[in-house]
Number of protein chains: 2
Amino acid sequence: MPGIKGNAVIGQSGGPTAVINRSFIGAIVEARKHGEILEFYGARHGIQGMLNNEYVPLFDQPDFVLQQIAKTPAAALGSIRHKPTKEECKKIFDNFKQKNVRYFFYIGGNDSAETAYLINSFAAEENYDLRVVHIPKTIDNDLLITDHCPGFGSAARFVSCAFIGDNQDNRALKGVKINIVMGRNAGFLTAASLLAKQYPKDGPHLVYIPELPFDLDKFLKDVNSTYKEHGRALVAVSEGINRQGSFNLKEDEKPDYISTWLNSMVSLDLPDKYRPKEPGKAVEMDSHGNVNLSGSSIMGDILATIVKSTLGIKRVRADTLGYPQRSFPLAISNTDAAEAYKVGVEAVIAATATNFDEGSIAIRRIDGSGEYGIETFITPLQSVQRHTKSFPEEWITSGGKIDERKFGEYIAPLVGELPMAGRFVRAIF
Amino acid sequence: MPGIKGNAVIGQSGGPTAVINRSFIGAIVEARKHGEILEFYGARHGIQGMLNNEYVPLFDQPDFVLQQIAKTPAAALGSIRHKPTKEECKKIFDNFKQKNVRYFFYIGGNDSAETAYLINSFAAEENYDLRVVHIPKTIDNDLLITDHCPGFGSAARFVSCAFIGDNQDNRALKGVKINIVMGRNAGFLTAASLLAKQYPKDGPHLVYIPELPFDLDKFLKDVNSTYKEHGRALVAVSEGINRQGSFNLKEDEKPDYISTWLNSMVSLDLPDKYRPKEPGKAVEMDSHGNVNLSGSSIMGDILATIVKSTLGIKRVRADTLGYPQRSFPLAISNTDAAEAYKVGVEAVIAATATNFDEGSIAIRRIDGSGEYGIETFITPLQSVQRHTKSFPEEWITSGGKIDERKFGEYIAPLVGELPMAGRFVRAIF
C-alpha cells in the first residue's frame, strides 16, 4: 500500500552538525513532490515541540530561504538533548493522531532512532498507519549499519584542517601541542587528525582514541620520545579516552574516563559571593565548599601541565577544538553536504513507497570502479538504536596504532580535498 | 643612491599567522627582479638562525614550491619568541657583514621592528650600507601607524565564522556559551565576533575587550539579563580582559589580568609521581606542593562555572578558540592574503630604491570612490616599535559598548564576504 494522505512531521535532535539542515531541507523539497503529504510541520526543538505542539509549517517557505537554510550549520528547527520516556512517546503519538500525522522524520543519532521506534510501536499497537523514518546524523560517526554518518565528514574536515594548520604552527614554534577532539565514545573524529600528515615527520605524531586503553605513564613516555626525535610533538587526544579502552569493555561496564580522573585533581576555591547558593543545583561542590570545575577543556590543560612537570618541557600548549568542530561554516565537506541532503530526500521517498512501515536511512559504498560512490538503503530502526559503533578493531595494527592506510582509504573521500601545505624542496629542513 | 650589490636576509618572528608566508614569498619573488640582490637567505627561526648562521638559500626554490608555501599558514622558515639583547643584535650585524648582507627583511610585530632598528643602528655606526625593512604581521592588529596588519583579516575571518556557527548552535541548543578570543592587549580580534550578527537577536550578545575595565559582577548581571531576554547568551571574551581596562592604564602600569585572578582560585593536586622534580623549572608550585594550572583555556571554564554557580543556569559552556585562529587554512581572507603578499613585495621595492635606509611597510586606505582599496607607505622603524595600538576609543559609545557601525565599516572589507545564515521567513521564530 502506498502512504495515505496526511501530514508529515520532522524534527532535529542531539548535537548539531554542519550539515543537519541539508537533510532537513532535502526532505522538505522532496516531500513537495508527493501529493499524499498535505502539510509538512517542523517540530521546534525536536520532541519538545512534538510534546507541546510547537510546529512550524514548512511548505510555504520560499525556495531561496530553504536553500539558504540548507547551507547553514546547526539545527534550524532547534534541537534538544532530552531522551523522552515511554509516556512522552505515547503523548507524542497522540498528538500526531490528532493532527493526522502519517509521516514522521527524525534526524539524529541512535537515541533518536529509539525515540522514533517507540513512537512507531504505539502506532502499530493501534493499527494506525504511521510511517517513521530516522535520518542519521552525528559528528561522532558512531551509528551502526551505515558505512558512515552525515555530519561526520564535515567535522572531520574541520579537525583535519585544524591539524594541518597546527602542524605548521608547531614546526614554526617548536614544543608540545595537545589538541582535544570531540567523540566521547568513538575515535573516528580524533583519527581524522591523521589526514594532516602530508610529509614525513608531520604531526599528529601521537593519536589517542577511546577504543584503546589510555595509560598516563605510557602517554608521557610517548610524548617524551617523540619530542626527543622531532624536537616537537603534535598530539591528538579524544575527549573520551579512558583506562580500559572501549574495545575491552564488558557489556554494561562503564569506561573510567581520564577526564573524570584528571578533573578530580582540580579544585576551584571561589570567593564566597560566587559560590552556589544551593549546592548541587548547577555545579557540584565538595565538603570543603570547593566547586567542581567541570569544563570540557580542562583535560587538555591538565595533560599539558603534567607534561611540563614530569618531562620538564617548557613550551607545552593545549587546545580543545570545541564547538567549531560541529558548526564551522567554512569547513563543510562537499561530499558530506551532498550525502546529508540525499538521506533527507531518500527518507521521503522511502516513507511514501508501497508497504513501508519504519526504518533508518543508511549509506553503503558502491564498489567496483575504484571511484568513490554511495547508495542508500533502509535498515530497521531497531538495528541502529541503543548501541553504537566503535572504531573498527581491524584498523588497529598489532602494535596498537591506527592503520593509517586502511583508515585513510575510508575517510579521505568523506572529507574532500584538503589544502596541501607547501614545503621547500631539496630537503633544506 | 640605489642599493649596492649584496645578499639579502629575511626572517619570520613571533606568533605565526595564516598569511605570514605570503609576505615572505612576495619578497622573494620581487627580489628576483632586482639584480643587486645576489642571494636571498632565509633565517631559520628568525634571530636564532641569524645568530647561528642557519640560513636557507631561497632563490633556487622552484616557483610552484614558493606559490604553495605562500598559501600555507604559519612561518615556513620557523619562528621564535625571543627578543634579542643589544649584544645579540651586534652579533647578528657582524654575521651580516661577514656574509655581505646588504638587505634585511624582518616579518613580525613591534618587537621585530625594534630588533630591526637595533641591527640597523649598528650598521649606521659603522657607516655600513644596510637597508632594513620591517614587514608587519600580527593577528592582534595592534601595530601603530598602519591602518591594519596583515594576518588580522584572516584571524578575524576565523573568529567571525566560529561565531556565525556558534550562534546557530546556541539557538538550536539554548544556554550560555562563552568563547575566549586571542588578543592579550587589543580588542580587535574579539570585536570581530560582532560580524556574526546577521539578524536581530543574533549573538554575540556581549563582547568584552581588554581596553574596557572588566568587572565580574557586571559581567554576571549582563549575562543574566541577556539570558532572560533571549533564553540564551553568546558571549565573546578577550583573553586579555583586565580590571582597569587598558584605556585607563597609566604609563608603565601593568594590567590586572582577570585570567591571573581566576587562575589563582584553582589548584591542581597532582599525584606525587607527576609533580615536578625541580620546583619552578617548567611549572609553578605553591608552598603546599600544588601546581599552578596555567593553561590558556581555564579562564573560560572558570567563568562558565561561576555563571552556573551564581546564576543557576544549567547549560553553560565555554570554548577557547585557540591556535586555529592563527593557522586555520580554510579561513584565509582574500583581501588579507593579497595585502600580506603586497607588503612583502613593497618591502623589496623600498629597500632597493634610491637613498632608502630603514622603515616599516604600513597600509593606508585610499579614500574616494567608496570602494575599499589600499596603498602602502614607509614609516620609520622607531614609529612602530615598543608601543602598540589599542582598539580606538572613538569606536566606543558613551554607553561603553563597541560602536558596531563604525567598527563594522572598518573590519568588513578586511574579512571578506561571510557565509550568510538562512532563516525562516514570516517571523516563525
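Visitor: So what about the overall build of chain A? Which residues, and what values?
Guide: The helix and strand inventory of chain A stands at 13 helices and twelve strands. Along the first, second and third principal axes, the C-alpha atoms of chain A reach 70 × 60 × 40 Å. Looking at chain A alone, contacts between residues at least 24 apart form 76% of all its contacts between residues at least 6 apart. If you sum the accessible surface of chain A, you get close to 16,100 Å²; carbon and sulfur atoms cover 48% of it. For chain A, the centre of its 49 positive side-chain charges and the centre of its 51 negative side-chain charges are spaced 6 Å apart.

Visitor: Break down the side chain of D222 of chain B for me, citing the residues and quoting the values.
Guide: As for its placement among the helices and strands, D222 of chain B is situated in helix α8 (residues 216-230). If near-sequence neighbours (up to four positions away) are discounted, D222 of chain B is found in contact with L206 and Y208 of chain B.

Visitor: Pulling in residues and values, what's your account of the relation of the copies chain A and chain B?
Guide: The transformation that overlays chain A on chain B combines an axial shift of 0.0 Å with a rotation of 180°, and the residual RMSD is 0.0 Å. This pairing of chains is accounted for by a two-fold axis. The position closest to the rotation axis in chain A is occupied by the C-alpha of S267 of chain A, lying 2.7 Å away.

Visitor: Mind laying out helix α12 (residues 334-351) of chain B, listing which residues take part and the relevant values?
Guide: Here α12 of chain B contains 18 residues, and its C-alpha end-to-end distance of 26 Å stays within 8% of the 26 Å for a straight helix at 1.5 Å per residue. Of all the residues in α12 of chain B, the buried ones are D336, A337, E339, A340, V343, G344, V345, A347, V348, A350 and A351 of chain B.

Visitor: An account of the environment of S23 of chain A is needed here, citing residue identities and associated values.
Guide: Residue and element names in this part refer to chain A. Assignment of secondary structure puts S23 in helix α1 (residues 20-31). According to the relative accessible area criterion, S23 is buried, its value standing at 1%. Counting along the chain gives 100 residues from S23 to A123, while the straight-line C-alpha distance between them is 25 Å. For S23, the contacting residues outside a window of four places in its chain are I107, I135, A340, Y341, V343 and G344.

Visitor: Outline the interface of chain A and chain B, listing residues and values.
Guide: Facing 101 residues of chain A, the contacting portion of chain B comprises 101 residues. Between chain A and chain B, the buried area comes to about 7,800 Å², and carbon and sulfur atoms account for 63% of it. When the buried surface of chain A facing chain B is broken down by residue, Y274, Y323 and F424 of chain A rank first, second and third, together holding 9% of it. The interface formed by chain A and chain B includes four salt bridges. Among the ionic pairs, D217 of chain B bridges to K273 of chain A, the shortest N-O distance being 2.6 Å. If you look at where chain A meets chain B, you find 27 residue pairs in polar contact (both at pLDDT 80 or more). Contributing elements (two or more residues each) for the side of chain A that touches chain B: β3 (55-57), α3 (63-70), α6 (152-172), α8 (216-230), β9 (266-268), α10 (298-311), β10 (316-320) and α11 (324-327) of chain A. Each residue belonging to the side of chain A that touches chain B can be placed in one class, and the counts come to 53 nonpolar, 24 polar and 24 charged. Pairing analysis gives three bridges linking β9 of chain A to strand β9 (residues 266-268) of chain B, with the strands arranged antiparallel. In the sheet register, L268 of chain A faces β9 of chain B, and the bridge partner there is V266 of chain B.

Visitor: I'd like a rundown of the packing of aromatic side chains, residues and numbers included.
Guide: Residue and element names in this part refer to chain B. For the structure shown, the criterion picks out 42 aromatic pairs over all chains. With 6.3 Å between their ring centres and 40° between their planes, F188 and Y410 make a pair best called tilted. Of this pair, F188 sits in helix α7 (residues 188-191) while Y410 sits in helix α13 (residues 404-415), and the two are 222 residues apart along the sequence. Neither residue differs from the other here; F188 and Y410 are each classed as buried.

Visitor: Account for the pattern of salt bridges, naming residues and giving values.
Guide: Taken as a whole and judged by the stated rule, the model has 44 salt bridges over all chains. Two residues, E126 of chain A and K97 of chain A, come together in a salt bridge whose shortest N-O distance is 2.7 Å. With E126 of chain A in the loop between α5 (110-125) and β5 (131-136) and K97 of chain A in helix α4 (residues 86-98), this residue pair connects regions lying 29 residues apart in the sequence. A relative accessible area of 35% means that E126 of chain A is categorised as partly exposed. Across the salt bridge formed by R275 of chain B and D269 of chain B, the nearest N and O atoms sit 2.9 Å from each other. You can call D269 of chain B partly exposed: its relative accessible area is 43%.

Visitor: Lay out the confidence of the model for chain A in plain terms, naming residues and giving numbers.
Guide: Averaged over all residues, the pLDDT of chain A equals 93, while 94% of them reach at least 70. Of the two predicted TM-score estimates for the complex, the pTM is 0.96 and the ipTM is 0.96.

Visitor: Outline the sheet that holds strand β11 (residues 358-365) of chain A, supporting the account with residue identities and numerical values.
Guide: Residue and element names in this part refer to chain A. With respect to topology, seven strands assemble into an open sheet ordered β3-β2-β1-β4-β5-β11-β12, the strand pairing being mixed. Looking at the sheet topology across the chains shown, the edges are occupied by β3 and β12 (374-379). Taken over all neighbouring pairs, the strand axes of this sheet differ in orientation by 25° on average, direction set aside. Pairing between strand β4 (residues 101-108) and β5: six bridges, direction parallel. When the sheet's bridge partners are listed, I107 is paired in β5 with I135. Relative to strand β1 (residues 6-12), α1 is tilted by about 170°, and along the sheet it contacts β1, β2 (37-43), β4 and β5.

Visitor: Residue-level account of α8 of chain A, with values.
Guide: Residues and elements named next belong to chain A. A rise of 1.5 Å per residue sets the reference length of α8, with its 15 residues, at 21 Å; its end C-alpha atoms lie 21 Å apart and thus fit the reference within 8%. Among the residues making up α8, those that are buried are L216, F219, L220, D222, V223, T226 and H230. Summarising the axial view, the buried residues of α8 lie within an arc of 160°, below the 170-degree limit, and thus occupy one face. Exposed and facing more than 90 degrees away from the buried side of α8 are K221, K228 and E229.

Visitor: Provide a residue-level description of unusual backbone geometry, including the pertinent values.
Guide: For the peptide bond that leads from G203 of chain A to P204 of chain A, omega is 5°, which places it in the cis range. Mapped onto the secondary structure, P204 of chain A falls in the loop between α7 (188-191) and β7 (206-208). Backbone geometry at N355 of chain A places phi at a positive 60°, although glycine is not the residue there. By secondary structure assignment, the location of N355 of chain A is in the loop between α12 (334-351) and β11. The residue D252 of chain B is not glycine, and still its phi comes out positive at about 70°.

Visitor: Describe the side chain of E211 of chain B, listing the residues and the values that go with them.
Guide: Topologically, E211 of chain B is positioned in the loop between β7 (206-208) and α8. Salt bridges are absent for the buried E211 of chain B, whose nearest opposite-charge side chain, K389 of chain B, sits at 10 Å.

Visitor: Please give an account of the packing of helix α4 (residues 86-98) of chain B against helix α5 (residues 110-125) of chain B that cites residues and values.
Guide: Residue and element names in this part refer to chain B. Where α4 meets α5, the axes come as close as 9 Å, and the angle between the chain directions of the two elements is 60°. In this view, α4 runs oblique relative to α5, as classed from their interaxial angle. You can see that α4 and α5 cross each other, and the crossing is right-handed. Between α4 and α5, the contacting residues are K86, C89, K90, I92, F93 and F96 on the first element and T115, L118, I119, F122 and A123 on the second. Split into classes, the residues belonging to the contact of α4 with α5 amount to eight nonpolar, one polar and two charged.

Visitor: Summarise the environment of S264 of chain B; cite the residues concerned and give the values.
Guide: All names here are of chain B. Residue position: S264 is located in the loop between α9 (258-263) and β9. Taking the relative accessible area as the measure of exposure, S264 reaches 58% and is therefore exposed. As for S264 and V101, which are separated by 163 residues in sequence, their C-alpha atoms are 49 Å apart.

Visitor: So what's going on with the sheet that holds strand β6 (residues 176-181) of chain A? Residues and values would help.
Guide: Residue and element names in this part refer to chain A. Strand order in the open sheet made by the four strands is β7-β8-β6-β10, with parallel pairing throughout. The open sheet is flanked by β7 and β10, the only strands paired with a single partner. Going from strand to strand, the sheet's axes swing by 15° on average, the running direction of each strand aside. Strand direction decides the pairing type here: β6 and strand β8 (residues 233-238), joined by six bridges, are parallel.

Visitor: Lay out the packing of helix α1 (residues 20-31) of chain B against α12 of chain B with the relevant residues and their values.
Guide: Residues and elements named next belong to chain B. Direction vectors running N to C along α1 and α12 enclose 40°, while the axes themselves pass 7 Å from each other. Here α1 is positioned oblique relative to α12, judged by the angle of their axes. In this structure, the crossing between α1 and α12 has a hand that is right-handed. Between α1 and α12, the contacting residues are R22, S23, I25, G26, A27, V29, E30 and A31 on the first element and A337, A340, Y341, V343, G344, V345, V348 and I349 on the second.

What counts, and at which threshold
Residues numbered from 1 in each chain as written. Chains lettered and ligands numbered in written order. Predicted model: local features only at pLDDT ≥ 70, side-chain atom pairs only at ≥ 80, totals over all residues. Heavy atoms only, no water. Helix = DSSP H or I, 4+ residues; strand = E, 2+ residues; numbered from the N terminus. Contact = heavy atoms within 4.5 Å. Areas by Shrake-Rupley, 256 points an atom, 1.4 Å probe, with all protein chains shown as cover. Lys, Arg positive; Asp, Glu negative; His and termini not counted. Charge placed at Lys NZ, Arg CZ, Asp CG, Glu CD. Least-squares fit on C-alpha atoms with pLDDT ≥ 70 in both. Expected span 1.5 Å × (residues − 1). Buried < 20%, exposed > 50% of the residue type's maximum accessible area, 1.4 Å probe, protein only. Buried area = accessible area lost by both parts, 1.4 Å probe. Salt bridge = Lys/Arg side-chain N within 4 Å of Asp/Glu carboxyl O. Polar contact = N/O pair within 3.5 Å; in protein donor to acceptor, adjacent residues only side chain to side chain. Nonpolar A, V, L, I, M, F, W, Y, C, P; charged D, E, K, R; others polar. Pairing = 2+ DSSP bridges. Phe/Tyr/Trp six-rings, centres within 6.5 Å; stacked < 30°, edge-to-face > 60°. pLDDT = per-residue confidence, 0-100. Axes fitted to C-alpha atoms, helices over the stretch in contact; angles between N-to-C directions. Arc of directions from axis to C-beta. Parallel < 35°, antiparallel > 145°, perpendicular 65-115°, else oblique. Left-handed = near helix turned anticlockwise from the far one by under 90°.

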